[in-house]
Amino acid sequence: MANRYVIIGAGAIGGGIGGLLAAQGTPVVLAARGEHLERMREHGLRIRMPDADVTVPVVAIAGPEEIELTPDDVLVLATKSHQAESALAAWADAPVGDGTAGSELPLLTALNGVSAELRALRWFRRVYGVCVWMPAVMLNPGEVILRCVPPRGLLHTARVPAELTTEEDRVLLAEIAQDWARAELEVPLPEDVMPWKYRKLLGNLGNAVQALLSSPDAGIVSAVRAEAEQIYAAAGVTLNSEADEKRFRSTLQTRPVPGAPETLGGSTWQSIARGNGTTEVDFLNGEIAAMAHRIGRTAPINSALARLTRQAGREGLSPGAITPEELAASLGVERA
(Lines give C-alpha, C1' and ligand atoms only; values in the text may rest on other atoms or scores of the structure.)
Protein backbone atom coordinates (compact mmCIF):
# COMPACT_ATOMS: atom_id res chain seq x y z
CA MET A 1 0.00 0.00 0.00
CA ALA A 2 1.16 3.57 -0.71
CA ASN A 3 1.91 5.84 2.21
CA ARG A 4 -0.55 8.59 3.01
CA TYR A 5 1.01 11.69 4.58
CA VAL A 6 -0.92 13.50 7.29
CA ILE A 7 0.56 16.96 7.74
CA ILE A 8 -0.04 18.28 11.25
CA GLY A 9 0.32 22.05 10.99
CA ALA A 10 -0.04 22.89 7.30
CA GLY A 11 1.45 26.37 7.42
CA ALA A 12 4.43 27.54 5.36
CA ILE A 13 6.53 24.37 5.68
CA GLY A 14 3.74 21.84 6.20
CA GLY A 15 1.59 23.41 3.51
CA GLY A 16 4.52 23.52 1.13
CA ILE A 17 5.39 19.86 1.66
CA GLY A 18 1.78 18.70 1.59
CA GLY A 19 0.82 20.82 -1.38
CA LEU A 20 3.76 19.64 -3.46
CA LEU A 21 2.95 16.02 -2.61
CA ALA A 22 -0.72 16.49 -3.44
CA ALA A 23 0.17 18.12 -6.75
CA GLN A 24 1.93 14.86 -7.72
CA GLY A 25 -1.06 12.71 -6.76
CA THR A 26 0.40 11.41 -3.49
CA PRO A 27 -2.30 10.83 -0.83
CA VAL A 28 -2.11 13.75 1.61
CA VAL A 29 -4.26 15.21 4.39
CA LEU A 30 -3.55 18.72 5.68
CA ALA A 31 -4.47 19.61 9.26
CA ALA A 32 -4.84 23.33 9.86
CA ARG A 33 -7.11 25.80 11.62
CA GLY A 34 -8.96 29.08 11.26
CA GLU A 35 -9.32 30.95 8.01
CA HIS A 36 -6.40 29.03 6.48
CA LEU A 37 -8.31 25.78 6.93
CA GLU A 38 -11.52 27.22 5.48
CA ARG A 39 -9.74 28.66 2.44
CA MET A 40 -8.10 25.32 1.68
CA ARG A 41 -11.43 23.50 2.05
CA GLU A 42 -13.21 25.89 -0.28
CA HIS A 43 -10.54 26.80 -2.82
CA GLY A 44 -7.60 24.41 -2.40
CA LEU A 45 -4.06 25.45 -1.55
CA ARG A 46 -2.30 27.99 -3.73
CA ILE A 47 1.46 27.43 -4.07
CA ARG A 48 3.42 30.36 -5.48
CA MET A 49 6.93 29.55 -6.73
CA PRO A 50 9.57 31.28 -8.86
CA ASP A 51 8.63 29.19 -11.88
CA ALA A 52 5.03 28.16 -11.20
CA ASP A 53 1.81 29.29 -9.56
CA VAL A 54 -0.61 26.44 -8.92
CA THR A 55 -3.73 25.84 -6.86
CA VAL A 56 -3.98 22.27 -5.64
CA PRO A 57 -7.20 20.62 -4.40
CA VAL A 58 -6.43 19.20 -0.96
CA VAL A 59 -8.13 17.27 1.82
CA ALA A 60 -8.08 19.64 4.79
CA ILE A 61 -9.16 18.85 8.35
CA ALA A 62 -9.17 20.55 11.74
CA GLY A 63 -7.86 17.62 13.78
CA PRO A 64 -7.71 13.87 14.39
CA GLU A 65 -11.44 13.66 15.08
CA GLU A 66 -12.05 14.30 11.36
CA ILE A 67 -9.94 11.47 9.98
CA GLU A 68 -9.81 7.68 10.18
CA LEU A 69 -6.13 6.84 10.49
CA THR A 70 -4.75 3.63 8.97
CA PRO A 71 -1.47 1.69 9.38
CA ASP A 72 -0.28 3.16 6.06
CA ASP A 73 -0.30 6.72 7.37
CA VAL A 74 2.85 8.73 8.05
CA LEU A 75 2.38 11.71 10.36
CA VAL A 76 4.42 14.84 9.66
CA LEU A 77 4.55 17.35 12.50
CA ALA A 78 5.18 20.77 10.92
CA THR A 79 3.88 23.22 13.51
CA LYS A 80 6.01 25.99 14.97
CA SER A 81 8.17 24.57 17.75
CA HIS A 82 6.18 26.22 20.55
CA GLN A 83 2.96 24.67 19.20
CA ALA A 84 4.31 21.13 19.04
CA GLU A 85 3.32 20.02 22.54
CA SER A 86 -0.40 20.56 22.10
CA ALA A 87 -0.36 18.98 18.63
CA LEU A 88 1.49 15.89 19.88
CA ALA A 89 -0.96 15.45 22.74
CA ALA A 90 -3.95 15.88 20.41
CA TRP A 91 -2.82 13.27 17.89
CA ALA A 92 -1.04 10.62 19.96
CA ASP A 93 -4.18 8.81 21.19
CA ALA A 94 -6.08 8.88 17.89
CA PRO A 95 -7.18 5.29 17.14
CA VAL A 96 -5.35 3.19 14.55
CA GLY A 97 -6.78 -0.30 14.33
CA ASP A 98 -6.42 -1.85 17.78
CA GLY A 99 -3.79 0.69 18.78
CA THR A 100 -3.16 4.41 18.67
CA ALA A 101 -1.21 6.80 16.49
CA GLY A 102 1.46 6.92 19.17
CA SER A 103 1.96 3.17 19.19
CA GLU A 104 1.39 2.36 15.52
CA LEU A 105 2.42 5.25 13.27
CA PRO A 106 5.73 6.89 12.38
CA LEU A 107 6.02 10.58 13.21
CA LEU A 108 8.32 12.95 11.31
CA THR A 109 9.27 16.17 13.13
CA ALA A 110 9.71 18.78 10.40
CA LEU A 111 10.22 21.84 12.57
CA ASN A 112 12.97 24.05 13.93
CA GLY A 113 15.02 23.46 17.06
CA VAL A 114 16.42 20.32 18.66
CA SER A 115 13.88 19.47 21.35
CA ALA A 116 10.83 18.32 19.36
CA GLU A 117 12.18 14.80 18.92
CA LEU A 118 12.62 14.12 22.64
CA ARG A 119 9.26 15.71 23.37
CA ALA A 120 7.61 13.57 20.70
CA LEU A 121 9.02 10.39 22.23
CA ARG A 122 6.75 10.95 25.26
CA TRP A 123 3.82 10.04 23.01
CA PHE A 124 5.17 8.33 19.88
CA ARG A 125 7.19 5.11 19.70
CA ARG A 126 8.79 5.82 16.30
CA VAL A 127 10.09 9.34 15.80
CA TYR A 128 12.10 10.58 12.82
CA GLY A 129 13.82 13.95 12.99
CA VAL A 130 13.78 16.21 9.94
CA CYS A 131 16.26 19.04 9.40
CA VAL A 132 14.31 21.49 7.26
CA TRP A 133 15.97 23.76 4.72
CA MET A 134 13.02 25.11 2.77
CA PRO A 135 12.57 28.87 2.24
CA ALA A 136 8.81 29.14 2.65
CA VAL A 137 6.40 31.83 3.79
CA MET A 138 2.70 31.93 4.57
CA LEU A 139 1.43 35.50 4.70
CA ASN A 140 -2.15 34.93 3.53
CA PRO A 141 -4.64 32.15 4.37
CA GLY A 142 -4.83 29.43 1.76
CA GLU A 143 -1.51 30.37 0.18
CA VAL A 144 2.15 29.49 0.64
CA ILE A 145 5.18 30.97 -1.08
CA LEU A 146 8.12 28.69 -1.90
CA ARG A 147 11.22 30.58 -2.98
CA CYS A 148 13.36 27.79 -4.50
CA VAL A 149 13.43 26.31 -7.95
CA PRO A 150 13.75 22.50 -7.81
CA PRO A 151 14.64 21.14 -5.43
CA ARG A 152 12.11 23.18 -3.44
CA GLY A 153 13.54 22.02 -0.13
CA LEU A 154 16.22 19.94 1.52
CA LEU A 155 15.05 17.69 4.36
CA HIS A 156 17.63 15.45 6.05
CA THR A 157 15.71 12.71 7.88
CA ALA A 158 16.65 9.88 10.27
CA ARG A 159 15.30 7.87 13.21
CA VAL A 160 15.75 9.41 16.65
CA PRO A 161 17.61 8.10 18.57
CA ALA A 162 19.83 6.97 15.70
CA GLU A 163 20.94 3.79 17.45
CA LEU A 164 17.37 2.44 17.29
CA THR A 165 17.35 2.41 13.48
CA THR A 166 16.13 -0.89 12.03
CA GLU A 167 15.79 -2.32 8.55
CA GLU A 168 12.08 -1.43 8.74
CA ASP A 169 13.07 2.18 9.35
CA ARG A 170 15.44 2.18 6.38
CA VAL A 171 12.72 0.83 4.09
CA LEU A 172 10.26 3.48 5.28
CA LEU A 173 12.80 6.29 4.91
CA ALA A 174 13.66 5.16 1.38
CA GLU A 175 9.94 5.22 0.50
CA ILE A 176 9.57 8.71 1.94
CA ALA A 177 12.62 9.95 0.03
CA GLN A 178 11.21 8.50 -3.19
CA ASP A 179 7.72 9.95 -2.65
CA TRP A 180 9.07 13.37 -1.78
CA ALA A 181 11.56 13.40 -4.66
CA ARG A 182 8.61 13.21 -7.06
CA ALA A 183 7.36 16.38 -5.34
CA GLU A 184 10.70 18.14 -5.99
CA LEU A 185 11.87 17.75 -2.40
CA GLU A 186 15.30 16.26 -1.69
CA VAL A 187 15.49 13.96 1.35
CA PRO A 188 19.06 12.89 2.25
CA LEU A 189 19.18 10.04 4.78
CA PRO A 190 22.07 10.50 7.25
CA GLU A 191 22.72 7.93 9.95
CA ASP A 192 22.03 10.59 12.60
CA VAL A 193 20.04 13.75 11.90
CA MET A 194 20.66 15.53 15.20
CA PRO A 195 24.12 16.91 14.29
CA TRP A 196 22.40 18.51 11.28
CA LYS A 197 19.63 19.94 13.45
CA TYR A 198 22.10 21.38 15.96
CA ARG A 199 24.00 23.17 13.19
CA LYS A 200 20.71 24.39 11.69
CA LEU A 201 19.83 25.78 15.12
CA LEU A 202 22.93 28.01 14.96
CA GLY A 203 21.53 29.53 11.79
CA ASN A 204 18.06 29.95 13.29
CA LEU A 205 19.42 31.95 16.23
CA GLY A 206 19.41 35.01 13.97
CA ASN A 207 15.66 34.70 13.35
CA ALA A 208 14.82 36.75 16.44
CA VAL A 209 17.22 39.52 15.41
CA GLN A 210 15.57 39.70 12.01
CA ALA A 211 12.10 39.69 13.59
CA LEU A 212 12.89 42.55 15.94
CA LEU A 213 14.81 44.72 13.47
CA SER A 214 13.00 43.72 10.25
CA SER A 215 16.39 42.94 8.70
CA PRO A 216 19.48 41.05 9.88
CA ASP A 217 22.36 42.81 11.64
CA ALA A 218 25.61 40.92 11.08
CA GLY A 219 27.32 42.14 14.23
CA ILE A 220 24.51 41.23 16.57
CA VAL A 221 23.88 37.87 14.92
CA SER A 222 27.58 37.05 15.11
CA ALA A 223 27.61 37.68 18.87
CA VAL A 224 24.48 35.59 19.37
CA ARG A 225 25.96 32.64 17.48
CA ALA A 226 29.41 32.94 19.07
CA GLU A 227 27.85 32.57 22.51
CA ALA A 228 25.92 29.51 21.34
CA GLU A 229 29.05 27.91 19.91
CA GLN A 230 30.75 28.34 23.30
CA ILE A 231 27.84 26.58 24.99
CA TYR A 232 27.90 23.81 22.37
CA ALA A 233 31.60 23.24 23.03
CA ALA A 234 31.09 23.15 26.79
CA ALA A 235 28.13 20.77 26.46
CA GLY A 236 29.90 18.43 24.03
CA VAL A 237 27.40 18.89 21.19
CA THR A 238 28.27 17.01 17.98
CA LEU A 239 27.81 18.85 14.68
CA ASN A 240 27.94 17.72 11.08
CA SER A 241 30.83 19.22 9.14
CA GLU A 242 30.51 22.75 7.85
CA ALA A 243 31.74 21.54 4.45
CA ASP A 244 28.88 19.01 4.21
CA GLU A 245 26.42 21.69 5.25
CA LYS A 246 27.60 24.08 2.52
CA ARG A 247 27.70 21.33 -0.09
CA PHE A 248 24.09 20.33 0.51
CA ARG A 249 22.76 23.86 0.91
CA SER A 250 24.36 24.88 -2.38
CA THR A 251 21.74 22.70 -4.09
CA LEU A 252 19.02 25.16 -3.00
CA GLN A 253 18.63 28.07 -5.41
CA THR A 254 16.24 30.86 -4.39
CA ARG A 255 14.65 33.06 -7.01
CA PRO A 256 12.12 35.93 -6.91
CA VAL A 257 8.49 34.84 -6.77
CA PRO A 258 6.36 36.97 -9.15
CA GLY A 259 4.16 39.37 -7.21
CA ALA A 260 5.57 38.38 -3.81
CA PRO A 261 7.50 40.76 -1.55
CA GLU A 262 11.23 40.48 -2.22
CA THR A 263 12.10 40.62 1.47
CA LEU A 264 10.47 37.71 3.26
CA GLY A 265 11.60 36.78 6.75
CA GLY A 266 12.02 33.53 8.63
CA SER A 267 9.60 31.79 10.96
CA THR A 268 9.98 34.22 13.88
CA TRP A 269 9.63 37.24 11.60
CA GLN A 270 6.46 35.73 10.15
CA SER A 271 4.95 35.27 13.63
CA ILE A 272 5.76 38.85 14.62
CA ALA A 273 4.63 40.26 11.26
CA ARG A 274 1.28 38.46 11.50
CA GLY A 275 0.79 39.60 15.11
CA ASN A 276 0.44 36.05 16.44
CA GLY A 277 1.42 37.10 19.94
CA THR A 278 3.80 34.16 20.40
CA THR A 279 6.89 32.86 18.60
CA GLU A 280 9.15 29.81 18.75
CA VAL A 281 12.04 31.82 20.23
CA ASP A 282 12.02 29.77 23.46
CA PHE A 283 13.00 26.71 21.40
CA LEU A 284 15.68 28.58 19.43
CA ASN A 285 17.56 31.16 21.51
CA GLY A 286 15.84 29.78 24.60
CA GLU A 287 17.30 26.36 23.78
CA ILE A 288 20.81 27.82 24.14
CA ALA A 289 19.84 29.23 27.52
CA ALA A 290 18.47 25.83 28.57
CA MET A 291 21.65 24.04 27.46
CA ALA A 292 23.74 26.53 29.40
CA HIS A 293 21.66 26.10 32.55
CA ARG A 294 21.95 22.31 32.35
CA ILE A 295 25.74 22.55 32.61
CA GLY A 296 25.81 25.26 35.25
CA ARG A 297 26.50 28.16 32.89
CA THR A 298 24.57 31.12 31.52
CA ALA A 299 23.90 32.46 28.03
CA PRO A 300 23.09 36.12 28.70
CA ILE A 301 22.92 37.26 25.07
CA ASN A 302 20.56 34.53 23.88
CA SER A 303 18.51 34.76 27.09
CA ALA A 304 18.03 38.51 26.66
CA LEU A 305 17.17 38.12 22.98
CA ALA A 306 14.53 35.51 23.84
CA ARG A 307 13.06 37.81 26.50
CA LEU A 308 12.89 40.79 24.13
CA THR A 309 11.23 38.66 21.43
CA ARG A 310 8.63 37.36 23.89
CA GLN A 311 7.96 40.95 24.91
CA ALA A 312 7.56 42.04 21.27
CA GLY A 313 5.01 39.28 20.75
CA ARG A 314 3.02 40.18 23.86
CA GLU A 315 2.98 43.90 23.00
CA GLY A 316 2.17 43.36 19.33
CA LEU A 317 5.27 45.17 18.09
CA SER A 318 6.00 45.05 14.36
CA PRO A 319 9.36 44.09 12.87
CA GLY A 320 11.58 47.17 12.93
CA ALA A 321 9.98 48.65 16.04
CA ILE A 322 13.40 48.91 17.67
CA THR A 323 16.71 50.04 16.15
CA PRO A 324 19.91 48.01 15.84
CA GLU A 325 21.57 50.38 18.31
CA GLU A 326 18.82 49.81 20.86
CA LEU A 327 18.93 46.05 20.44
CA ALA A 328 22.73 45.90 20.72
CA ALA A 329 22.60 47.97 23.90
CA SER A 330 19.90 45.72 25.39
CA LEU A 331 21.96 42.62 24.60
CA GLY A 332 25.23 44.13 25.79
CA VAL A 333 27.01 43.52 22.48
CA GLU A 334 28.97 45.72 20.10
CA ARG A 335 27.89 46.05 16.49
CA ALA A 336 30.41 45.36 13.76
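Preceding block: the structure.
Residues numbered from 1 in each chain as written. Predicted model: local features only at pLDDT ≥ 70, side-chain atom pairs only at ≥ 80, totals over all residues. Heavy atoms only, no water.

S.K.: Got a minute to help me understand the nonpolar core in this structure?
M.R.: Across soluble globular proteins, nonpolar side chains show a tendency to be buried alongside one another. Ranked by size, the top nonpolar core spans 45 residues in total, and within it Val-209, Ile-220, Ile-288, Leu-305, Leu-327 and Leu-331 carry the most contacts. Those elements that place two or more of their residues in this core are strand S10 (126–133), strand S14 (153–160), helix H7 (194–204), helix H8 (207–213), helix H9 (218–235), helix H12 (285–294), helix H13 (300–315) and helix H14 (324–331). In terms of nonpolar packing, the next biggest core, distinct from the first, is built from 42 residues, Val-74, Ala-78, Leu-108 and Ala-183 among them. (Core = buried A, V, L, I, M, F, W, Y, C linked by side-chain atoms within 4.5 Å. Buried < 20%, exposed > 50% of the residue type's maximum accessible area, 1.4 Å probe, protein only. Helix = DSSP H or I, 4+ residues; strand = E, 2+ residues; numbered from the N terminus.)

S.K.: I would appreciate a short explanation of helix H1 (residues 12–23) in the present structure.
M.R.: The α-helix winds at 3.6 residues per turn, so residues separated by three or four positions along the chain end up facing the same way. Between its first and last C-alpha atoms H1 spans 16 Å; for 12 residues at 1.5 Å apiece the expected length is 16 Å, and the two agree. Judged by how many residues are buried, H1 sits mostly within the fold: 11 of 12 residues are covered. Among all positions in H1, only Ala-12, Ile-13, Gly-14, Gly-15, Gly-16, Ile-17, Gly-18, Gly-19, Leu-20, Leu-21 and Ala-22 are buried. Of the residues flanking the end of H1, it is Gly-25, one or two places downstream, whose phi is positive at about 85 degrees. (Expected span 1.5 Å × (residues − 1).)

S.K.: What am I meant to see in the side chain of Asp-169 here?
M.R.: If you trace the backbone, Asp-169 turns up in helix H6 (residues 167–182). A relative accessible area of 1% places Asp-169 in the buried class.

S.K.: Help me understand the sheet that holds S14 in this model?
M.R.: The strands that make up a sheet pair up through hydrogen bonds in the backbone, lying either parallel or antiparallel. The strand order across the open sheet formed by 8 strands is S5-S2-S1-S6-S9-S10-S14-S15, and the pairing between neighbours is mixed. Both edges of this open sheet fall to strand S5 (59–61) and strand S15 (185–186), since each of them pairs with a single strand only. Alignment of S10 against S14, held across 7 bridges, turns out to be antiparallel. Counted as the bridge partner of Tyr-128 is Arg-159 from S14. Sitting on the sheet, H1 is in contact with strand S1 (4–8), strand S2 (28–31), S10, S14 and S15, with an inclination near 155 degrees to S2. (Pairing = 2+ DSSP bridges. Contact = heavy atoms within 4.5 Å. Axes fitted to C-alpha atoms, helices over the stretch in contact; angles between N-to-C directions.)

S.K.: I would appreciate a short explanation of the environment of Arg-33 in the present structure.
M.R.: Take Arg-33: it is sitting in the loop between S2 and helix H2 (34–43). For Arg-33, a relative accessible area of 62% puts it in the exposed group. Between the C-alpha atoms of Arg-33 and Gly-102, which are 69 residues apart in sequence, the distance is 22 Å.

S.K.: What am I meant to see in the pattern of salt bridges here?
M.R.: Between side chains of opposite charge, a pair can form as their charged atoms come close. As enumerated under the stated definition, the model contains 20 salt bridges in all. For Arg-46, the salt bridge identified is with Asp-53, shortest N-O distance 2.6 Å. Residue classification places Arg-46 among the partly exposed residues on the basis of a relative accessible area of 31%. Look at Asp-53 and you get partly exposed, because its relative accessible area is 44%. For Glu-287, the salt bridge identified is with Arg-294, shortest N-O distance 3.8 Å. On the basis of relative accessible area, Glu-287 is assigned to the buried category, the value being 9%. Overall, Arg-294 belongs to the exposed group, its relative accessible area being 59%. Where salt bridges share partners, they join Arg-46, Arg-48, Asp-53 and Glu-143 into one cluster. (Salt bridge = Lys/Arg side-chain N within 4 Å of Asp/Glu carboxyl O.)

S.K.: Looking at this model, I keep getting lost on the side chain of Arg-199. Mind explaining?
M.R.: Inspection of the secondary structure puts Arg-199 in helix H7. Despite its burial, Arg-199 pairs with no opposite charge, the nearest such side chain being Glu-242 at 4.5 Å. Of note is the side chain of Arg-199, whose polar atom sits 2.7 Å from the backbone oxygen of Asn-240. Apart from the residues within four sequence positions on either side, Arg-199 is in contact with Leu-239, Asn-240, Ser-241, Glu-242 and Glu-245. (Lys, Arg positive; Asp, Glu negative; His and termini not counted. Polar contact = N/O pair within 3.5 Å; in protein donor to acceptor, adjacent residues only side chain to side chain.)

S.K.: I keep staring at the sheet that holds strand S3 (residues 45–49) and nothing clicks. Help me out?
M.R.: If you walk across this open sheet you meet the 4 strands as S4-S3-S12-S11, and the pairing is mixed. Because the sheet does not close on itself, it has two edges, and the strands there are strand S4 (52–56) and strand S11 (136–137). Judged from the 3 bridges that link them, S3 and strand S12 (residues 143–146) form a sheet pairing that is parallel. When the bridges of S12 are listed, Arg-48 appears paired with Ile-145. Packed onto the sheet, H1 meets S3, S4, S11 and S12 and runs at close to 90 degrees relative to S12.

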